[in-house]
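Here is what each chain is made of, one letter per residue.
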Amino acid sequence: MRLTSMPCTRLANSPLSLLTIMSYPRLTTEQMLRKDQKTISRQGTKVAISAIYMDLEAFLQRSGLIADLHAFCQAHNCDVLVTMTIFFNTHNEPVRQLAIFCPHAALRMTICGVLEHSHSPSLKLTPAPSAHPHLQAYLQGNTQVSRKKLLPLLQEALSAYFDSIKIPSGQPETEGVCRELADKELDRAGNSLVPGLSQDEEEPPLPPTPMNSLVDECPLDQGLPKLSAEVIFEKCSQISQSQSTAASLSKK
C-alpha cells in the first residue's frame, strides 16, 4: 500500500488504518518492545515501558512470549517491563491496556497497587486474566492517560517500593526483601561477566521497517516532520470523540 494513494480525509476517518500502517507483524517480540520504548530507574532498579499498537490479548498469545519477556529483561538489565497496548476497536473507539511483567513479587505488587489506586490521574484499571504468575494484565478504562502520564506514576511506585523495604532489621519481612535484592544483584553481576558484552555499548540497530510504512525510516522523513505513533493515536482519539459529540448533538 502506498501512502500517497490514500487521501488525508480517508485516513482521518479511519484511525484503525493509521495504526495498521504502523504495525509490525513480522518483528520479533524483542523488536516490538524496543521499537517504541522508554526507561526509568531508581536506586539501580530499572523499568522499561514499551508502547505496542495491537490488542493485548493477541500480544499475550504470541508463541514463547514469557520466555521472550524473560530474555528481554535479562538482555537489557530490566527489573520490570510495562507494556502499554493501544488500538482502535471496530467502532473506532480507542482502547488502552496494560501488562506488568516482573519476576520479583514484592516489586510487581507495589507497582500494581500504585497504578490500581491512583487518583491523579485515575487509570480505572480492570484486572484481566493472566496465565502466568509473573504477569499482571489490565484493561485501562481511562484512555486519556498516555504513557507520558504513566511515567510519573511508575516513579512513584518505585519510591513506594524502596520506602517499603526500609524496615528495621530483625523483622521477618526484611529477610525476603534482602534475599530478593541480593538475587537481583547477583544476576546483574553475572551478566556483566559475559565476554564481549558491555552495558556501555550501544544496542545493535533494529532491522529497517518496510519503506511503505509511516515510520522513522520512511523517506518522507527527509522533508516532513517525524510522526509519533503515540501522537497519531491521540489525534485519532480526539477525532473519534469529536465525531461522537457531533452525532449526539445532531440527534438532539
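Source: prediction; values computed, not measured. (Residues numbered from 1 in each chain as written. Predicted model: local features only at pLDDT ≥ 70, side-chain atom pairs only at ≥ 80, totals over all residues. Heavy atoms only, no water.)

### Re the side chain of threonine 85
Our working definition: Each helix corresponds to a stretch of at least 4 residues labelled H or I by DSSP, and each strand to a stretch of at least 2 residues labelled E; elements are numbered beginning at the N terminus. Whether two residues are in contact is decided by their heavy atoms: any pair within 4.5 Å suffices.
The topology assignment puts threonine 85 in strand β3 (residues 80-88). Excluding its chain neighbours within four sequence positions, the residues that come into contact with threonine 85 are Ile52, Met54, Leu56, Val95, Arg96 and Gln97.

### Points about unusual backbone geometry
Heads up, the condition is: Three exposure classes are used, based on accessible area relative to the maximum for each residue type with a 1.4 Å probe and protein chains only: buried under 20%, partly exposed in between, and exposed over 50%.
Along the chain, serine 120 connects to proline 121 via a cis peptide bond; the corresponding omega equals 0 degrees. Relative to the elements of secondary structure, proline 121 occurs in the loop between α6 (105-116) and β5 (125-128). The phi torsion at glutamine 43 lies on the positive side, around 50 degrees, for a residue other than glycine. Mapped onto the elements, glutamine 43 comes out in the loop between β1 (37-42) and β2 (45-52). Within the chain, asparagine 92 stands out as a residue other than glycine whose phi angle is a positive 60 degrees. Tracing the chain through its elements places asparagine 92 in the loop between β3 and β4 (94-101). Assessed through its relative accessible area of 24%, asparagine 92 is described here as partly exposed.

### Examining the pattern of salt bridges
Any two side chains of opposite charge can pair, given that their charged atoms come close. Condition: Should a side-chain nitrogen of Lys or Arg be within 4 Å of a carboxyl oxygen of Asp or Glu, the pair is scored as a salt bridge.
Within this structure, the stated rule accounts for one salt bridge. The salt bridge partner of arginine 147 is aspartate 36, with a shortest N-O separation of 2.7 Å. With arginine 147 in helix α7 (residues 147-164) and aspartate 36 in the loop between α3 (29-35) and β1, this residue pair connects regions lying 111 residues apart in the sequence.

### Brief notes about the packing of α6 against α7
Applied cut-off: Throughout, an axis means a line fitted to C-alpha atoms (over the contacting stretch in the case of helices), and angles, computed between N-to-C directions, take values from 0 to 180 degrees. Put simply, angles under 35 degrees are roughly parallel, angles over 145 are roughly antiparallel, angles from 65 to 115 are roughly perpendicular, and the rest are oblique. In a left-handed crossing the near helix is turned counterclockwise from the far helix by less than a right angle, and in a right-handed crossing that turn is clockwise. All amino acids are sorted into three groups, where Ala, Val, Leu, Ile, Met, Phe, Trp, Tyr, Cys and Pro are nonpolar, Asp, Glu, Lys and Arg are charged, and the leftover types, Gly among them, are polar.
The geometry of α6 relative to α7 is characterised by a closest axis approach of 9 Å and an angle of 130 degrees between their N-to-C directions. Classified by the angle their axes make, α6 and α7 are oblique. With respect to the hand of their crossing, α6 and α7 are arranged in right-handed fashion. Contact residues: Ala106, Leu107, Thr110, Ile111, Val114 and Leu115 in α6; Leu150, Leu153, Leu154, Glu156, Ala157, Leu158, Ala160 and Tyr161 in α7. Taken together, the residues that form the contact of α6 with α7 break down as twelve nonpolar, one polar and one charged.

### Describing α6
Spacing of three or four residues puts side chains on the same side of an α-helix, whose turn is 3.6 residues. Rules: For a helix, the expected span equals 1.5 Å multiplied by the residue count minus one.
The terminal C-alpha atoms of α6, which comprises twelve residues, lie 16 Å apart, in line with the 16 Å expected from a rise of 1.5 Å per residue. For α6, the complete set of buried residues consists of Leu107, Arg108, Thr110, Ile111, Cys112, Val114 and Leu115.

### Focus: the side chain of threonine 83
Along the chain, threonine 83 falls in strand β3. Excluding residues that lie within four positions of it along the chain, threonine 83 makes contacts with Leu33, Ser50, Ile52, Phe59, Gln97, Leu98 and Ala99.

### Structural notes on the nonpolar core
The cut-off we apply is this: Grouping buried Ala, Val, Leu, Ile, Met, Phe, Trp, Tyr and Cys residues that are joined through side-chain atoms within 4.5 Å yields what is termed a nonpolar core.
Counting 29 residues, the largest nonpolar core has Val82, Leu98, Ile100, Leu115, Leu150 and Leu154 as the members making the most contacts within it. Elements represented by at least two residues in this core include exactly β2, β3, β4, α6 and α7. When residues of this core are assigned to their parent elements, the largest contribution, eight residues, is made by α7. Look past the residues within four positions of valine 82 in its chain and what remains in contact with it is Val47, Ala48, Ile49, Ser50, Leu98, Ala99, Ile100, Leu150 and Leu154.

### Details of the pairing of β2
Here is the rule we go by: Following DSSP output, two strands are said to pair if at least two bridges run between them.
Counted residue by residue, β2 has seven buried out of eight residues, so it is predominantly covered. Pairing of β1 with β2 involves six bridges; the strand directions are antiparallel. Across the sheet, residue threonine 39 finds its bridge partner in β2, namely alanine 48. Between β1 and β2, which follow one another and run antiparallel, lie two residues, and glutamine 43 among them has a positive phi close to 50 degrees. The pairing of β2 with β3 spans six bridges and is parallel. Directly across from valine 47, in β3, lies its bridge partner valine 80.

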